[in-house]
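Chain residues, written in single-letter form:
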Amino acid sequence: MGFLDTLFGRTKPVAPDLDRLFALPSAAITLQAATDFTPTGVGSVCFSTVEGAEFSRIHDDAMALLEADKDRLGSPVEISRDPYGYSWLVSRRTPDDLPGLVSDLHAVNTALEGTGFGPQLLCSLVGFHDQGGRQLALVYLYKRGSFYPFAPLPGQHRDNPLELQVRAVLTDDLRIEPELTRWFPLWGAPGL
């Protein structure tokens, strides 16, 4: 960083570190012990849709890679588009196979990043739920290299106390996004 960056308060962006996703299985154990939230077995990667043959090829390769896993049951991978125009690749595993789910998300992110589509990656999320039916997602912000909890409630409201509780519980397990303004709501996100 240069002198002017320091003077004007600009900071160098954190480089994405996709290997941080591999901390999720141990964080899930901590989360379950403290809050009774368990993995749903569903996770997703969100990216800006880009048109073109190269992107379609990468997308098809990622889908083929995930569908080649013979340990899956049913239709494990799907692609959808949300009302805002973003694409979501959703992976499904059994709830007890969080390491496999994380490997799926890492593979998709790595495939897109390695072929020059890293700027289109937005986030990845892994879904959790408790016995009372509450939902929770741990969201990895690709461009920030950090996680945050998102706990939706009916009517597009958030369970802010739960989100802050999860932040406190997981602060030693995951790099939690320090700026709460970056904890974006992901209403209707596939995988949640």
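So, here is what we can say about the structure in this document. (Residues numbered from 1 in each chain as written. Predicted model: local features only at pLDDT ≥ 70, side-chain atom pairs only at ≥ 80, totals over all residues. Heavy atoms only, no water.)

Looking only at helices and strands, one finds 5 helices and 8 strands in the protein. Counting from the amino terminus, helix and strand elements in the protein follow one another as α-α-β-α-β-β-α-β-β-β-β-β-α. Residue burial in the protein is summarised as follows: out of 192 residues, 42% are buried. Considering only contacts within the protein whose residues lie at least 6 apart along the sequence, 66% involve residues at least 24 apart. Taken as a whole, the protein presents about 9,800 Å² of accessible surface, with 56% of it coming from carbon and sulfur. (Helix = DSSP H or I, 4+ residues; strand = E, 2+ residues; numbered from the N terminus. Buried < 20%, exposed > 50% of the residue type's maximum accessible area, 1.4 Å probe, protein only. Contact = heavy atoms within 4.5 Å. Areas by Shrake-Rupley, 256 points an atom, 1.4 Å probe, with all protein chains shown as cover.)

This part takes up helix α4 (residues 98-117). Two residues of an α-helix separated by three or four positions point the same way, owing to the 3.6 residues in each turn. Looking only at α4, the buried set comprises L98, G100, L101, V102, D104, L105, H106, V108, N109, L112 and F117. One side-chain oxygen of the residue at the start of α4 lies 3.0 Å from the amide nitrogen of G100, identifying that residue as D97. (Polar contact = N/O pair within 3.5 Å; in protein donor to acceptor, adjacent residues only side chain to side chain.)

This brings us to the packing of helix α2 (residues 24-35) against helix α5 (residues 160-170). Running from N to C, α2 and α5 cross one another at 125°; their axes reach a closest spacing of 10 Å. Here α2 is positioned oblique relative to α5, judged by the angle of their axes. The way α2 lies across α5 gives a crossing that is right-handed. On α5, the residues that touch A27, T30, L31, A34 and T35 of α2 are Q165, V166, V169 and L170. Grouping the amino acids of the contact of α2 with α5 by side-chain chemistry returns 6 nonpolar, 3 polar and no charged. (Axes fitted to C-alpha atoms, helices over the stretch in contact; angles between N-to-C directions. Parallel < 35°, antiparallel > 145°, perpendicular 65-115°, else oblique. Left-handed = near helix turned anticlockwise from the far one by under 90°. Nonpolar A, V, L, I, M, F, W, Y, C, P; charged D, E, K, R; others polar.)

So, about α2. In a regular helix each residue adds 1.5 Å, so 12 residues correspond to 16 Å; α2 covers 15 Å between its end C-alpha atoms and thus fits that length. Residues of α2 that are buried sit in contact with β1 (38-48), α4, β4 (121-129), β5 (135-141), β6 (146-150) and α5. Immediately beyond the C-terminal end of α2, within one or two residues, lies D36, with a positive phi of roughly 70°. (Expected span 1.5 Å × (residues − 1).)

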